[in-house]
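Observations on chain architecture
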Amino acid sequence: MHVYIISIGTKMPAWVNEGMNEYIKRMPRECQVKLIELAAAQRAKTTDLKRAIQDEGERLLKAIPRNCDVIALDVKGREYSTQSLSTEMKKWLSEGRDIALLIGGADGLSSDCLDSAKSKWSLSKLTYPHPLVRVILAEQLYRAWSLLNNHPYHRA
């Protein structure tokens, strides 16, 4: 199984790439995490914001590899505890389907992205900067996997 993190935004600070890569490299072969980065739509004072969000959404949807279950990261989505995310990951692994996690740009995901998602996941009721979301997401995936496999990383 592969977990694809498909995210709007490129040229992240070094600490974001280092943090995310630290958790990605810890993941086992049977649950590899891969990042797909897409450039944000150009924004200016005269930019049609709805069009920019729609453009990003179209590119996110095109970037989803075949046969993936799509999960949109959205503030209105389901919040998971560590245990419930681990249970969800067990289900993903048993179904053998790849997962695509969509992270929108600064203005969120398009309605097309939200509508195409099998489910929606909220990391928190707090608002995080988009670069930090990548690190949190990678760490939580690793933590869920470690709990599932009785690895000592997770010590609740």
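See the structure above.
The following paragraphs examine the structure supplied in this document.

What follows covers the nonpolar core. Core analysis: the largest hydrophobic core is formed by 26 residues, its most contacted members being Leu101, Trp121 and Leu141. Elements supplying a minimum of two residues to this core: β1 (2-8), α1 (14-26), β3 (68-79), α3 (82-95), β4 (98-103) and α5 (130-148). Leave out the neighbours within four places in its chain, and Leu141 touches Val3, Ile5, Met27, Val33, Met89, Trp92, Leu101 and Trp121. The next biggest cluster of nonpolar side chains, apart from the first, holds 16 residues, and it includes Tyr4, Leu60, Cys68 and Ala72.

The subject of this paragraph is the pattern of salt bridges. A full pass over the atoms with the stated rule returns eleven salt bridges. Between Asp69 and Lys118 there is a salt bridge whose closest N-O contact spans 3.1 Å. Here Lys118 lies in the loop between α4 (111-116) and β5 (119-122) and Asp69 lies in strand β3, a separation of 49 residues in the sequence. Several salt bridges converge on common partners, so that one network encompasses Glu22, Lys25 and Arg26.

The N-to-C vectors of α1 and α5 enclose an angle of 15°; their axes lie 9 Å apart at closest approach. The angle between the axes of α1 and α5 places the two elements in the roughly parallel class. Relative to α5, the crossing made by α1 is left-handed. Facing Trp15, Val16, Gly19, Met20, Tyr23, Ile24 and Arg26 of α1, the residues of α5 in contact are Pro131, Leu132, Arg134, Val135, Ala138, Glu139 and Tyr142. Tallied by class, residues from the contact of α1 with α5 come to ten nonpolar, one polar and three charged.

Rules behind the numbers
- Residues numbered from 1 in each chain as written.
- Predicted model: local features only at pLDDT ≥ 70, side-chain atom pairs only at ≥ 80, totals over all residues.
- Heavy atoms only, no water.
- Core = buried A, V, L, I, M, F, W, Y, C linked by side-chain atoms within 4.5 Å.
- Buried < 20%, exposed > 50% of the residue type's maximum accessible area, 1.4 Å probe, protein only.
- Helix = DSSP H or I, 4+ residues; strand = E, 2+ residues; numbered from the N terminus.
- Contact = heavy atoms within 4.5 Å.
- Salt bridge = Lys/Arg side-chain N within 4 Å of Asp/Glu carboxyl O.
- Axes fitted to C-alpha atoms, helices over the stretch in contact; angles between N-to-C directions.
- Parallel < 35°, antiparallel > 145°, perpendicular 65-115°, else oblique.
- Left-handed = near helix turned anticlockwise from the far one by under 90°.
- Nonpolar A, V, L, I, M, F, W, Y, C, P; charged D, E, K, R; others polar.

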